[in-house]
Amino acid sequence: MAEPVLGAAGLTRRFGGLTACDDVAIALRRGELHALLGPNGAGKSTLINLLSGDLRPSSGSIRFKGTEIAAMAPDRRSRLGIGRSYQKTNIFPAFTVFENARLAAQSRRPRPLALALDAARDPDSRRRAQRGLELAGLDEHVERQAGALSHGEQRQLEIAMVLATEPEVLLLDEPLAGMGAEESVRMVALLKRLSSEHAILLVEHDMDAVFALADVITVMVNGQVLESGPPAQIRASVDVQRAYLGQDGD
Ligand SMILES: Nc1ncnc2c1ncn2[C@@H]1O[C@H](COP(=O)(O)OP(=O)(O)OP(=O)(O)O)[C@@H](O)[C@H]1O
Ligand SMILES: [Mg+2]
């Protein structure tokens with residue numbers, strides 16, 4: 001099997017007496033869409049925050065292409081090629097769609113602030129921004145104010161902003177949440193396309209989307225990995241059915 005682009009072992013994060021992420025191992029490979037399932041509070045966002053660097057682990061290892069990065073700051077991880085989106089929409093509503101993507105593209109540059117002051121001289125970031133917006137299907141909306149987009153379009157913009165950093169790894173925390181049916185179908189198609197050339201970790205509650213997309217599924221409960229494997233294994237798992245899938249009769 002291919003080496004993981006991003007892998008974690010023994011990953012643990014405590015908040016006081018609560019262990020939100022408990023001895024978790026996970027491996028993300030290029031060309032694989034890895035879905036992360038689990039009930040509310042299972043530790044899914046915590047795991048994404050640990051992998052992105054927004055949170056530091058209490059213990060454990062995170063490796064990007066063999067290099068230990070568990071103590072590395074999030075901006076450095078982003079520059080390595082680890083991109084993430086947030087569970088709550090995280091855009092600059094007063095800026096245009098294009099400006100949002102361009103600022104994201106610049107954030108991967110070594111001196112983002114200096115460059116932000118002189119955007120016109122940064123054609124590379126403009127190119128990355130344009131490319132991210134095209135991939136995410138927003139190229140017809142570049143001049144609109146981000147705050148005026150529909151909820152689904154704002155989620156697409158978030159993906160465009162991640163893509164504008166040209167990441168190898170995409171950590172996506174519920175990108176389909178709150179989307180209408182049509183928007184959701186478009187996002188699923190986009191994720192499917194992206195998965196061939198990226199390593200993707202997708203947190204998603206929509207089982208139909210997860211089983212349509214995932215190559216590998218990891219199920220977390222109470223901070224721990226309950227089961228991890230191909231979709232057929234997860235579907236057949238009595239533990240998973242009892243702990244999770246059974247809840248909504250799936
Ligand atoms: N910064 C924090 N401080 C204290 N507790 C936290 C913090 N972040 C998360 N937790 C707790 O850790 C546990 C896991 O939270 P997390 O957000 O990772 O769950 P989740 O699986 O993403 O849930 P959801 O499906 O609702 O998004 C929860 O009990 C949560 O209250
Ligand atoms: Mg969450």
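Summary of the structure given here. All of these numbers come straight from a predicted model, not from anything done at the bench.

**Here's the deal with the side chain of Asp 173**
Assignment of secondary structure puts Asp 173 in strand 7 (residues 169-173). One buried charged residue, Asp 173, remains without a salt bridge, the closest side chain of opposite sign being Arg 84 at 4.4 Å. When neighbours within four sequence positions are excluded, Asp 173 is seen to be in contact with Ser 45, Ile 48, Arg 84, Ser 85, Tyr 86, Gln 87, Arg 155 and Val 203.

**Focus on the site of ligand 1**
In the vicinity of ligand 1 lie 14 residues, with Gly 41, Lys 44, Ser 45, Thr 46 and Gln 87 positioned nearest. At 3.3 Å, a side-chain N or O of His 205 approaches an oxygen atom of ligand 1. Considered on its own, ligand 1 offers 630 Å² of accessible surface; in the complex 61% of this is hidden by protein. Of all the elements in the fold, those that place two or more residues in the shell around ligand 1 are strand 2 (18-28) and helix 1 (44-52). Ranked by residues supplied to the shell around ligand 1, first place goes to helix 1 with 3 residues. When grouped by side-chain class, the residues that make up the shell around ligand 1 number 5 nonpolar, 7 polar and 2 charged.

**Looking at the packing of aromatic side chains**
With the rule as written, the count across this model stands at 1 aromatic pair. A cation sits over an aromatic face here: Arg 84 above Tyr 86, 3.8 Å from the ring centre.

**Notes on the pattern of salt bridges**
Using the criterion set out here, one finds 12 salt bridges in the structure. Measuring nitrogen to oxygen at the nearest pair gives 3.3 Å for the salt bridge that ties Asp 54 to Arg 84. Here Asp 54, found in the loop between helix 1 and strand 4 (59-64), pairs with Arg 84, found in strand 6 (residues 82-85); they are 30 residues apart in sequence, far enough to count as distant. Judged by relative accessible area, which is 13%, Arg 84 ranks as buried. For Arg 128, the salt bridge is made with Asp 124, and the minimal N-O distance between the two is 3.3 Å. One end of the pair is Arg 128 and the other is Asp 124, both in helix 5 (residues 123-135) and 4 residues apart, which spans about a single turn. With relative accessibility at 13%, the residue Arg 128 sits in the buried group. A single network of salt bridges, built from pairs that share partners, joins Asp 124, Arg 127, Arg 128 and Glu 166.

**Quick notes on the nonpolar core**
Generally speaking, a soluble globular protein has its nonpolar side chains buried in company with each other. By size, the foremost hydrophobic cluster in this structure holds 44 residues, and its most contacted members are Leu 133, Leu 157, Ile 217 and Val 219. Counting residues per element, this core draws most heavily on helix 6 (residues 151-163), which supplies 6 residues. Per-domain counts for this core show at least three residues from each of domain 1 (1-81 + 167-250) and domain 2 (89-166). Residues Leu 47, Ile 62, Ile 82 and Val 203 belong to the second largest nonpolar core, which totals 27 residues.

So, how was this worked out
- Residues numbered from 1 in each chain as written.
- Chains lettered and ligands numbered in written order.
- Predicted model: local features only at pLDDT ≥ 70, side-chain atom pairs only at ≥ 80, totals over all residues.
- Heavy atoms only, no water.
- Helix = DSSP H or I, 4+ residues; strand = E, 2+ residues; numbered from the N terminus.
- Buried < 20%, exposed > 50% of the residue type's maximum accessible area, 1.4 Å probe, protein only.
- Lys, Arg positive; Asp, Glu negative; His and termini not counted.
- Salt bridge = Lys/Arg side-chain N within 4 Å of Asp/Glu carboxyl O.
- Contact = heavy atoms within 4.5 Å.
- Near = heavy atom within 4 Å.
- Polar contact = N/O pair within 3.5 Å; in protein donor to acceptor, adjacent residues only side chain to side chain.
- Areas by Shrake-Rupley, 256 points an atom, 1.4 Å probe, with all protein chains shown as cover.
- Nonpolar A, V, L, I, M, F, W, Y, C, P; charged D, E, K, R; others polar.
- Phe/Tyr/Trp six-rings, centres within 6.5 Å; stacked < 30°, edge-to-face > 60°.
- Lys NZ or Arg CZ within 6 Å of the ring centre and 35° of its normal.
- Core = buried A, V, L, I, M, F, W, Y, C linked by side-chain atoms within 4.5 Å.
- Domains from an automatic or database assignment.

Geometric values such as these leave the question of function open.
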